[in-house]
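Coordinates in review
So the chains spell out like this:
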Amino acid sequence: MFGSERLSLAEEYAALLATDGVVRGLIGPREAPRLWERHLLNCAVLAEAIPNGVSVCDIGSGAGLPGLVLAIARPDLRITLVEPLLRRTTFLSEVVDQLGLGQVTVVRGRAEEVRDRHAFDVVTSRAVAPLDRLLRWSMPLVAPHGALVAMKGSSVEAEVEAARPVLRSLGCSEPEVLTLGAESLVHSTHALRVAWADPAKVGLPASRSRRSARRRPR
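Attention here is on the structure that accompanies the text. (Residues numbered from 1 in each chain as written. Predicted model: local features only at pLDDT ≥ 70, side-chain atom pairs only at ≥ 80, totals over all residues. Heavy atoms only, no water.)

Things to note about the sheet that holds strand S6 (residues 176-180)
- Ordered in space as S3-S2-S1-S4-S5-S7-S6, the seven strands form an open sheet in which the pairing is mixed. Every interior strand has two partners, whereas the edge strands, strand S3 (104-108) and S6, have only one. On average, each strand axis in the sheet is inclined to that of its neighbour by 25°, with strand direction left out of account.
- Sheet topology note: the strand S2 (residues 78-83)/S3 ladder contains five bridges and is parallel. The partner of Leu81 across the bridge, within S3, is Val106.
- In this fold helix H4 (residues 86-99) packs onto S2 and S3, with an angle of close to 165° to the strand it touches most, S3.
- Across the sheet, helix H5 (residues 131-138) lies against strand S1 (55-59), strand S4 (120-124), strand S5 (142-152) and strand S7 (189-195), angled at about 145° from S5, the strand it touches most. (Pairing = 2+ DSSP bridges. Helix = DSSP H or I, 4+ residues; strand = E, 2+ residues; numbered from the N terminus. Axes fitted to C-alpha atoms, helices over the stretch in contact; angles between N-to-C directions. Contact = heavy atoms within 4.5 Å.)

The structure is reproduced here in structure tokens:
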């Protein structure tokens, strides 16, 4: 998943998680022995759902999962890590510097505070919030032809049904449930892809969007 030329970076990151990450409360001590299975490889397969050479915003990045894993596995990606807590952004910045991940930017703040509205080709996250809240935080950052690609648990389809009102109000397309790593992992990764229903309306004020819809021929 990382390739021979990137594997040493993944190993160094795993060592940082198992030491500094545990000491600083970013990873639970019980997670250290299973970092590869439950965290690094689980996140690395998300790269299967991300196109080449795009910009990625990872919200609620925490210890860098999945954002830093994607940066290690895919040096072609331009990645912004968004995290509100200082102790986490400090750790993320240290890892970025130590591993020489020049394509990664660390931003301290919440998703709704990021000024780059509708600027990212992909917005991702892992275990941040239920889908209805995640959509409200993530979709304002998604570019017109981009998508939310979020890691989710086995209850993802139930989350989609519960979030139907939010999907409609934001103007999202029908969500696509992805199963990743089925051939390479013991337990496959579930992810959800949500794009815009009408990219031409993205970023328009609500009043203009409604007028545009009324003018459209039937």
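Brief notes about the nonpolar core
- Of all hydrophobic cores here, the largest spans 46 residues; its most connected members are Tyr13, Leu68 and Leu101.
- Mapped by element, the contributors of at least two residues to this core are helix H1 (7-23), helix H2 (35-44), helix H3 (67-73), S2, H4, S5, S6 and S7.
- Leaving out residues up to four positions away in the same chain, Tyr13 has contacts with Leu40, Ala63, Gly64, Leu65, Leu68, Val69, Ile72, Val95 and Leu99.
- Of all hydrophobic cores here, the second largest spans 25 residues; its members include Ile59, Val114, Leu134 and Leu135. (Core = buried A, V, L, I, M, F, W, Y, C linked by side-chain atoms within 4.5 Å. Buried < 20%, exposed > 50% of the residue type's maximum accessible area, 1.4 Å probe, protein only.)

So, the environment of Pro165
- By secondary structure assignment, the location of Pro165 is in helix H7 (residues 164-170).
- What makes Pro165 partly exposed here is its relative accessible area of 47%.
- Once the C-alpha coordinates of Pro165 and Asp132 are considered, the two residues, 33 residues apart in sequence, prove to be 8.5 Å apart.

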